[in-house]
Amino acid sequence: MYLVTLLGNSTLILITIRDSRLHTPMCLFLGNLSFMDICYTFASIPTLLENLLSSQKSIVFPGCAVQMYLSLAMSSTECVLLAVMAYDRYVTICNPLRYSTVMNRQVCVQMASVSWGTGCLTALLETSFALQVPLCGSLIDHFTCEILAVLKLACTSSLLMDMIMLVISMLLLPIPVLLIFISYVFILSTILKISSAEGRNKAFSTCGAHLTVVILYYGAALSMYLKPSSSNSREIDKIISLLYGVLTPMLNPIIYS
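Starting afresh in each chain, residues are numbered from 1 along the sequence in its written order. For this predicted model, a pLDDT threshold of at least 70 governs which residues receive local features, and a threshold of 80 or more governs which side-chain atom pairs are given and counted, while totals over whole chains, interfaces and linings are taken from all residues. Only heavy atoms go into the side-chain values, all of them from the structure, while hydrogens and water stay out.

A short note on the packing of helix α5 (residues 105–130) against helix α7 (residues 159–172)
And step 1. Two elements in contact, α5 and α7, have axes whose closest approach is 10 Å; the angle formed by their N-to-C orientations is 160°. Overall, the two elements α5 and α7 adopt an arrangement that is roughly antiparallel. When you trace α5 past α7, the crossing you get is left-handed. In this structure, α5 contributes Thr118, Thr122, Leu125, Glu126, Phe129 and Ala130 to the contact, and α7 contributes Leu160, Met161, Ile164, Met165, Ile168, Leu171 and Leu172. Under this scheme, a helix contributes an axis fitted over its contacting stretch, all axes are lines through C-alpha atoms, and angles between N-to-C directions fall in the 0 to 180 degree range. Only DSSP runs of H or I covering at least 4 residues are called helices, and only runs of E covering at least 2 are called strands; the numbering of each starts at the N terminus. Comment on the angle field: the value is read as roughly parallel under 35 degrees, roughly antiparallel over 145, roughly perpendicular from 65 to 115, and oblique elsewhere. Two helices cross in a left-handed way if the nearer one is turned anticlockwise from the farther one by less than a right angle. They cross in a right-handed way if the turn is clockwise. Pairs of residues are marked as contacts when any of their non-hydrogen atoms sit within 4.5 Å.

Considering α5
And step 1. In this model, α5 (26 residues) spans 37 Å end to end at C-alpha, consistent with the 38 Å of a helix rising 1.5 Å per residue.
And step 2. We call a residue buried when its accessible area falls under 20% of the maximum for its residue type, exposed when it is over 50%, and partly exposed in between, using a 1.4 Å probe and counting protein chains only. Those residues of α5 lying buried are Cys108, Ala112, Ser115, Trp116, Gly119, Thr122, Ala123, Glu126, Thr127 and Ala130.
And step 3. Between N or O atoms, a polar contact is any pair within 3.5 Å; within protein, one atom must be a potential hydrogen donor and the other a potential acceptor, and residues adjacent in sequence are included only when both atoms are from side chains. Between a side-chain oxygen at the N-terminus of α5 and the backbone nitrogen of Gln106 the separation is 3.1 Å; the capping residue is Asn104. Given a helix with a known number of residues, its expected span is that number minus one, times 1.5 Å.

Regarding the pattern of salt bridges
And step 1. A pair is scored as a salt bridge if a Lys or Arg side-chain nitrogen falls within 4 Å of a carboxyl oxygen belonging to Asp or Glu. In this structure the tally under the stated criterion is 2 salt bridges.
And step 2. As a salt-bridge pair, Asp19 and Arg21 come within 3.1 Å of each other at their nearest N and O atoms.
And step 3. Arg21 gets classed as exposed once you look at its relative accessible area, which sits at 68%.
And step 4. Between Asp88 and Arg89 there is a salt bridge, with its nearest N and O atoms 2.6 Å apart. Comparing Asp88 with Arg89 shows no difference in burial state: the two are buried.

Notes on the side chain of Glu126
And step 1. Position of Glu126 relative to the elements: it lies in helix α5.
And step 2. With a relative accessible area of 4%, Glu126 lands in the buried category.

Notes on the confidence of the model for the protein
And step 1. Every residue gets a pLDDT, meaning the predictor's confidence in that residue, from 0 to 100. Of the residues in the protein, 83% reach a pLDDT of 70 or more, and the chain-wide mean stands at 81.
And step 2. When the elements of the protein are averaged for pLDDT, helix α10 (residues 233–256) gives the smallest value, 70, and α5 the largest, 92.

Quick look at the packing of α7 against helix α8 (residues 174–192)
And step 1. Running from N to C, α7 and α8 cross one another at 15°; their axes reach a closest spacing of 3 Å. As summarised for this structure, α7 and α8 are arranged roughly parallel, according to the angle between their axes. For the pair formed by α7 and α8, the contact residues are Ser169, Met170, Leu171 and Leu172 on the first element and Pro174, Ile175 and Pro176 on the second.
And step 2. Classification convention: Asp, Glu, Lys, Arg as charged; Ala, Val, Leu, Ile, Met, Phe, Trp, Tyr, Cys, Pro as nonpolar; all other residues, Gly among them, as polar. When its residues are assigned to classes, the contact of α7 with α8 shows 6 nonpolar, 1 polar and no charged.

Have a look at this one:
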């Protein structure tokens, strides 16, 4: 699965770079999405595979910090980028005549930069505070140095850390989901006004891939970060983590191809 993820996303990036016909806003965003998926899996999967094959299942502290930061940065950036891509679909369907003006290269680069900046800065904030929390133990009950699993080892509850996690979770999960929902409400309204069945099918196919990725990614992320705690929550966390950390990056090139 790891090799499929690397090969699929690398191929998608190379194709969009080499083929001038694919130098479009959506392909620019797709290239960024593929690069995020490569970085995300590179940060966690090699260590996971090493621990599965080794009798000594451990990771040094700096390695854990880097893994936590990269995982948070890539996943947070993807949350924002998926909302940006929804806006791109909105302009494509609802304002096609103004598309080249609204979604010019400068605007697209700025949108991608804001996505990266938001993800990297929020990840830096979360990681910095998480690593300052005193831990009672060194055994992480998870496949990787996932921030929620690490914080479960905290000796005492940190109100500041809890507030930071809550604010960032609200910023990167419900708010982008709401923006995506609003975009698709307008998109659906516009599609239903198209008289021909062929035109409606073409419009639906334009949005189908993005909507599939949104459902997979946000469904897993919202289930993990906004679910109530329970006695079997750790096992559920592991399954959900594998879903959005391994399966989704592998499926993205297949869905968009």
